[in-house]
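Below are the chains, spelled out letter by letter.
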Amino acid sequence: MEFISKLGISTSNVKLYEKALTHTSYSNEHPEYEHYERLEFLGDAVLELIMSDYLYNEEHLEEGMMTKMRASYVCENALYRYALDLDFPKYVRVGEGIKPNATILADMFEAIVGAIYLDQGFDKANSFVLDIVVPYIKKGTDFLKDYKSELQELVQTVKKSVVYEIVSERGPSHNRTFECVALVDGIIMGRGVSSSKKGAEQEAAKEALSKQAKI
């Protein structure tokens with residue numbers, strides 16, 4: 001399996017990794033295949049422990065800062081980025097008409113961590129996660145950057161207002177896509193698309209900030 005080679009591991013338990021990449025929508029259509037949700041549950045806990053251990057032993061920060069950093073590097077945006085780094089969209093199995101969005105790919109990253117932990121043990125899961133995450137920590141990437149708050153502060157300085165409107169919702173209930181616009185004094189300054197309303201608002205604010213010279 002090409003994907004397993006990409007993970008840098010050797011295993012005889014290929015089916016475990018196939019399960020980690022199988023969405024419930026695919027499992028519903030093909031009952032002979034198990035989906036990833038139990039592995040995701042396990043991987044979530046393993047990931048939190050790995051990041052907690054790293055931050056405690058390597059970064060030597062106060063509790064509040066460790067909590068904030070851990071939240072940033074295990075949030076959906078971060079896990080989605082890691083999944084893209086590993087070309088997850090190329091390997092996932094989803095149902096007919098389903099597009100693997102950020103939420104699905106983030107969940108599957110946790111499932112892969114769970115699979116590696118079960119198959120290879122904690123040390124291998126630990127090195128796998130840190131090889132991906134630590135470069136982002138060293139670059140100071142903030143996956144929890146609050147673009148909405150930043151935009152709000154900007155428009156207040158020029159005595160303007162910003163509102164967000166969801167302009168479209170697409171897809172089935174378990175795989176929704178939301179499109180949002182950010183309006184500054186009634187003028188559309190940004191658009192955002194995400195698998196959640198809050199995510200779409202953040203993306204719209206991000207685009208609006210890129211045009212701040214016009215605000």
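For clarity, every value in this text was computed on a predicted model and none was experimentally measured. (Residues numbered from 1 in each chain as written. Predicted model: local features only at pLDDT ≥ 70, side-chain atom pairs only at ≥ 80, totals over all residues. Heavy atoms only, no water.)

Student: So what's going on with the layout of surface pockets? Residues and values would help.
Tutor: If you add up the space inside the largest pocket, you get close to 960 Å³. Those elements that place two or more of their residues in the lining of the largest pocket are helix H6 (76–85), helix H8 (102–120), strand E3 (187–194) and helix H11 (197–210). Tallied by class, the residues present in the lining of the largest pocket amount to 10 nonpolar, 12 polar and 10 charged. (1 Å grid on protein atoms, 1.4 Å probe; cavity = no way out; pocket = protein on both sides within 12 Å on 5 of 7 lines; lining within 4 Å. Points joined across faces, edges and corners; volume = space filled by probe spheres on them. Helix = DSSP H or I, 4+ residues; strand = E, 2+ residues; numbered from the N terminus. Nonpolar A, V, L, I, M, F, W, Y, C, P; charged D, E, K, R; others polar.)

Student: Requested: an account of the pairing of E3, with residues and values cited.
Tutor: In the sheet, strand E2 (residues 177–184) pairs with E3 via 7 bridges, with the strands oriented antiparallel. Residue pairing for E3: Ala 182 is matched across the bridge by Gly 190. (Pairing = 2+ DSSP bridges.)

Student: Got a sec to walk through the packing of H8 against helix H9 (residues 122–139)? Specific residues and values, please.
Tutor: Where H8 contacts H9, the two axes come as close as 7 Å, and the packing angle between them is 145°. Residues Phe 109, Ile 112, Val 113, Ile 116, Tyr 117 and Gln 120 of H8 lie in contact with H9, whose contacting residues are Phe 122, Lys 124, Ala 125, Phe 128, Val 129 and Ile 132. (Axes fitted to C-alpha atoms, helices over the stretch in contact; angles between N-to-C directions. Contact = heavy atoms within 4.5 Å.)

Student: Describe helix H10 (residues 147–157), with residues and values.
Tutor: When we look at burial in H10, the residues that qualify are Tyr 147, Leu 151 and Val 155. Buried residues of H10, seen end-on, are gathered within an arc of 60° and therefore sit on one face of the element. Exposed and oriented more than 90 degrees from the buried face of H10 are Glu 153 and Thr 157. Here the buried face of H10 lies against strand E1 (162–170), E2 and H11. The opening residue of H10 is Asp 146, an N-cap whose side-chain oxygen sits 3.3 Å from the backbone nitrogen of Lys 148. Phi turns positive one or two residues past the end of H10, at Lys 159, with a value near 55°. (Buried < 20%, exposed > 50% of the residue type's maximum accessible area, 1.4 Å probe, protein only. Arc of directions from axis to C-beta. Polar contact = N/O pair within 3.5 Å; in protein donor to acceptor, adjacent residues only side chain to side chain.)

Student: Run through the sheet that holds E1, naming residues and quoting values.
Tutor: Taken in spatial order, the 3 strands line up as E1-E2-E3 in an open sheet, and their pairing is antiparallel. Both outer strands of the open sheet, E1 and E3, are each paired with one neighbouring strand and no more. In this sheet, adjacent strand axes meet at a mean angle of 20° when their direction is disregarded. Relative to E1, H10 is tilted by about 140°, and along the sheet it contacts E1 and E2. Contacting E1, E2 and E3, H11 runs over the sheet at an angle of about 135° to E3.

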